[in-house]
Amino acid sequence: EAQVTQNPRYLITVTGKKLTVTCSQNMNHEYMSWYRQDPGLGLRQIYYSMNVEVTDKGDVPEGYKVSRKEKRNFPLILESPSPNQTSLYFCASSSYLEVETQYFGPGTRLLVL
Amino acid sequence: AQSVTQLDSQVPVFEEAPVELRCNYSSSVSVYLFWYVQYPNQGLQLLLKYLSGSTLVKGINGFEAEFNKSQTSFHLRKPSVHISDTAEYFCAVSDRDSGAGSYQLTFGKGTKLSVIP
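Just so you know, these numbers come straight off a predicted model, no measurement behind them. (Residues numbered from 1 in each chain as written. Chains lettered and ligands numbered in written order. Predicted model: local features only at pLDDT ≥ 70, side-chain atom pairs only at ≥ 80, totals over all residues. Heavy atoms only, no water.)

### Re the overall build of chain A
Then comes step 1: Looking only at helices and strands, chain A features 0 helices and 11 strands.
Then comes step 2: Computed over its C-alpha atoms, the radius of gyration of chain A comes to 13 Å, within 12% of the 13 Å expected for a compact globule of 113 residues.
Then comes step 3: Based on the C-alpha atoms only, the size of chain A along its principal axes is roughly 40 × 30 × 25 Å.
Then comes step 4: Burial status across chain A gives 51% buried among its 113 residues.
Then comes step 5: Long-range contacts, defined here as pairs at least 24 residues apart, represent 54% of the contacts in chain A between residues at least 6 apart.
Then comes step 6: Carbon and sulfur atoms form 52% of the exposed surface of chain A, whose accessible area is close to 5300 Å².
Then comes step 7: Charge centroids of chain A, computed over 12 positive and 11 negative side chains, lie 9 Å from each other. (Helix = DSSP H or I, 4+ residues; strand = E, 2+ residues; numbered from the N terminus. Rg over C-alpha atoms; globule rule 2.2 N^0.38 Å. Buried < 20%, exposed > 50% of the residue type's maximum accessible area, 1.4 Å probe, protein only. Contact = heavy atoms within 4.5 Å. Areas by Shrake-Rupley, 256 points an atom, 1.4 Å probe, with all protein chains shown as cover. Lys, Arg positive; Asp, Glu negative; His and termini not counted. Charge placed at Lys NZ, Arg CZ, Asp CG, Glu CD.)

Laid out in structure tokens, this is it:
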């Protein structure tokens, strides 16, 4: 089954404790992206990657890092989480041939205390 | 950079009644337009998209949307809603001419559709 998976689905942590949210897709997509969703703000793009070793900032990159060492994986790293990063995070992927049609993962709900 | 305005944050509607969810985007020469749906506690699912061609686009679950370039709008419609349509709906836009080296999808803030039995 074609899908985008994220782990963990739920996470509660404390300020300053480094964490990683993994994202993996099995569709051989070149393009991958991270969004955060906050009430009343919709989805905002954090980072995206057009291919392996190619990443770029989205609209709200501060406090986040990403890497793209393999085509299927695009982890989101919070080096020192803060309470304002409490949010619902989505990973998405798409083919370079149809980059505008993105497939979303199920989401990761993060609470930073 | 593109921006998307969804004019209604919440829309209550009775079952079997018609519904229209409004979406306007900032002007650009050429754009791709999308509607996504998010059911409770789930990820986003593509409902329909406009890339080119006919301005009336049909999607899944009986939804359709019309691209109006002069009004920079892409409103979503359904002639008769069902309880199962209760969800949050997001309009999104991307620049067609964003360049081969970059791609960004800009979302609206969402409209919560509540279908009342």
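Moving on from the model shown.
### Brief notes about the side chain of B:Ser73
Residues and elements named next belong to chain B.
Then comes step 1: With respect to the secondary-structure elements, Ser-73 resides in strand β9 (residues 73-78).
Then comes step 2: Relative accessible area serves as the criterion here: at 3%, Ser-73 is assigned to the buried category.
Then comes step 3: Beyond its immediate stretch of four places on either side in the chain, Ser-73 contacts Cys-23, Asn-24, Tyr-25, Glu-66, Phe-67 and Asn-68.

### A word on the nonpolar core
The tendency in soluble globular proteins is for nonpolar side chains to be buried side by side.
Residue and element names in this part refer to chain B.
Then comes step 1: Residues Leu-33, Trp-35, Leu-47, Leu-48, Phe-74, Leu-76 and Tyr-89 are the most contacted members of the largest nonpolar core, which totals 28 residues.
Then comes step 2: Among the elements of the structure, β2 (10-14), β3 (19-21), β5 (31-38), β6 (44-50), β8 (64-68), β9, β10 (87-95) and β12 (111-116) are those that each provide at least two residues to this core.
Then comes step 3: Those residues in contact with Phe-74 that sit more than four places away from it in its chain are Cys-23, Leu-33, Phe-34, Trp-35, Leu-48, Tyr-50, Ala-65, Glu-66 and Phe-67. (Core = buried A, V, L, I, M, F, W, Y, C linked by side-chain atoms within 4.5 Å.)

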